[in-house]
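Architecture and fold: a report
Chain residues, written in single-letter form:
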Amino acid sequence: MARNERRRRATRLGGTFPADSATLADGFREDVIAGLSLPRKALPPKYFYDARGSRLFEKICRLREYYPTRSELALTRAHLGAIARFAGCGCTLIEYGSGEGLKSRLLIEALRPAAYVPVDISQAALRGATAALRRRFPWLNIVAVHGDFSQPLKIPVGAGARSFSGRRVVYFPGSTIGNLTPAEAHAFLRMTRGQVGPRGAMLVGVDLKKDARVLHAAYNDAGGVTAAFNLNLLARINRELGGDFDLRRFGHYAFYNVAQGRIEMHLVSLAAQAASIGSHRFEFEAGESIHTENSYKYSLEEFRALARRAGFRAPRAWLDRRGRFALHGLAAD
Ligand code: AVJ
């Protein structure tokens, strides 16, 4: 599997950013050994996305039970005019991740930005997305930035007749921000506030708090795709790090932690057992868990409060008809 693919997904779904000061290299082996050595074992969710994991995630997005992808697309379609007016025609649209999705194309079409700046850690992902967008929007000035958006970036301004000095708007869809703890999300928003400057803005996709049964179903689909996605992390450790995890003796466990306002995903050991990675040996008691992901859910007011504390005004939010998912328009001034 291509290393580029891994890096691409690693950025898209940071997991521990900005807490971990990631470089362009990813430390899969180091992170796995450190995570499994903790008294409460944990692995960063960014490592779900190898080639197989990325395919499984795309399958999750099409599941009947997994509403976020459909809800975000629906709200983007429904409120496209208002979203574009909020961002402002002729702005510099900076997307965190390569905009391969339908949502990015809708937004570009409606916004007609002076420049579109996708930021991704993977050259391959950037090239692919850029080529596709050039074909579709020949008029669009695309300036791809190879880098890590969990770190402060140098945002290009163009040159000469092609310079773009318009308002900067960062687009961060998909509720990827839900992988961060609220404290990390606060730091990430504050850093982005610095990136867009005093006239800038942000469009952030955020999954809403809702009936726990709806949440539970979305992460416990009947077809077992989410379970396969979760277990693939151990399969990847076996493939890439020479681990000897017995996948039949770990189970997918996901639940909504109401007090924390987050879905937690775990891999639970179904027996007392040990697994090795090279010379490292890890012991598991029956019922012991490896915590693999948090996916925080925010009410409108909770996320607005978080954004305000990070220095944004939060004047707008757009929801899908069923009130499941929100796109927040945050203004820096
Ligand atoms: C890509 C982080 C938004 O939290 O819903 C989907 C990942 N994990 N099913 C989410 C995920 C299990 C997803 N995010």
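Residues numbered from 1 in each chain as written. Predicted model: local features only at pLDDT ≥ 70, side-chain atom pairs only at ≥ 80, totals over all residues. Heavy atoms only, no water.

Taken as a whole and judged by the stated rule, the model has 16 salt bridges. One salt bridge connects Lys41 with Glu288, and the closest N-O pair in it is separated by 2.5 Å. Of this pair, Lys41 sits in the loop between α2 (28–36) and α3 (51–61) while Glu288 sits in the loop between β9 (280–284) and β10 (289–296), and the two are 247 residues apart along the sequence. Classification of Lys41 by relative accessible area gives buried; the value is 9%. When the shortest N-O distance is used, the salt bridge between Arg249 and Asp246 registers 3.1 Å. On the accessibility criterion, Arg249 (34% relative accessible area) is partly exposed. A relative accessible area of 18% places Asp246 in the buried class. Within this structure, Asp207, Lys210 and Lys297 form a network of salt bridges that share partners. (Salt bridge = Lys/Arg side-chain N within 4 Å of Asp/Glu carboxyl O. Helix = DSSP H or I, 4+ residues; strand = E, 2+ residues; numbered from the N terminus. Buried < 20%, exposed > 50% of the residue type's maximum accessible area, 1.4 Å probe, protein only.)

One open sheet accounts for seven strands, arranged β3-β2-β1-β4-β5-β12-β11; its pairing is mixed. Looking at the sheet topology across the chains shown, the edges are occupied by β3 (145–146) and β11 (313–319). Strands β1 (92–96), β4 (168–172), β5 (201–207) and β12 (325–331) of the sheet are contacted by helix α8 (residues 182–196), whose axis makes an angle of about 150° with β4. (Pairing = 2+ DSSP bridges. Contact = heavy atoms within 4.5 Å. Axes fitted to C-alpha atoms, helices over the stretch in contact; angles between N-to-C directions.)

Our focus in this paragraph is the sheet that holds strand β7 (residues 262–269). Strand order in the open sheet made by the three strands is β6-β7-β10, with antiparallel pairing throughout. With partners counted over all chains shown, the strands left at the sheet margins are β6 (250–257) and β10, one partner each. For this sheet the average axis-to-axis angle between neighbouring strands, irrespective of direction, equals 20°. Sheet topology places β6 next to β7; eight bridges connect them, and they run antiparallel. Note on β7: the bridge partner recorded for His252 is Leu267.

Okay, the environment of Gly174 next. Topologically, Gly174 is positioned in the loop between β4 and α8. When the C-alpha atoms of Gly174 and Ala326 are compared, they prove to be 10.0 Å apart, with 152 residues separating the residues in sequence. If we skip the residues at most four places from it in the chain, Gly174 touches Glu72, Gly205 and Phe325.

What follows concerns the nonpolar core. Core analysis: the biggest nonpolar cluster contains 37 residues, and Ile237 and Phe245 have the highest contact counts within it. Those elements that place two or more of their residues in this core are α2, α3, α9 (212–218), α10 (225–241), β6, β7, β8 (273–277) and β9. With 30 residues, the next largest nonpolar core counts Ile94, Met202, Val204 and Ala310 among its residues. (Core = buried A, V, L, I, M, F, W, Y, C linked by side-chain atoms within 4.5 Å.)

Within β10, seven of the eight residues are buried, leaving the element largely enclosed by the surrounding structure. Across seven bridges, the pairing between β7 and β10 is antiparallel. Residue pairing in the sheet places His266 in a bridge with His291 of β10.

Inspection of the secondary structure assignment puts Asn141 in the loop between α7 (123–136) and β3. Along the sequence, Asn141 and Ala115 sit 26 residues apart, while their C-alpha atoms lie 4.8 Å from each other. Among residues more than four places away in sequence, those in contact with Asn141 are Ala114, Ala115, Tyr116, Arg162 and Phe164.

The subject of this paragraph is the packing of helix α5 (residues 80–87) against helix α6 (residues 102–111). Two numbers describe how α5 lies on α6: the axes approach to 9 Å, and their chain directions differ by 65°. Here α5 and α6 pass one another in a crossing that is right-handed. Residues Leu80, Ile83, Ala84 and Ala87 of α5 form the contact with α6, whose participating residues are Leu106, Leu107, Ala110 and Leu111. Of the residues in the contact of α5 with α6, the class split is eight nonpolar, no polar and no charged. (Left-handed = near helix turned anticlockwise from the far one by under 90°. Nonpolar A, V, L, I, M, F, W, Y, C, P; charged D, E, K, R; others polar.)

Following the sequence through the fold, Ile142 ends up in the loop between α7 and β3. Judged by relative accessible area, which is 7%, Ile142 ranks as buried. Separated by 148 residues in sequence, Ile142 and Ile290 have C-alpha atoms that sit 41 Å apart. The contact partners of Ile142, leaving out residues within four places of it in the chain, are Tyr116, Pro118, Thr130, Leu133 and Arg134.

Quick look at the packing of aromatic side chains now. Taken as a whole and assessed by the stated rule, the structure comprises 20 aromatic pairs. Where Phe57 meets Phe229, the ring centres are 6.2 Å apart and the plane angle is 40°; that geometry is what we call tilted. Of this pair, Phe57 sits in helix α3 while Phe229 sits in helix α10, placing them 172 residues apart in sequence. Each member of the pair, Phe57 as well as Phe229, is classed as buried. Aromatic rings pair up to connect Phe48, Tyr49, Phe57 and Phe229 into one cluster. Note that Lys41 overlies the ring of Phe284, its terminal NZ or CZ placed 4.8 Å from the centroid. (Phe/Tyr/Trp six-rings, centres within 6.5 Å; stacked < 30°, edge-to-face > 60°. Lys NZ or Arg CZ within 6 Å of the ring centre and 35° of its normal.)

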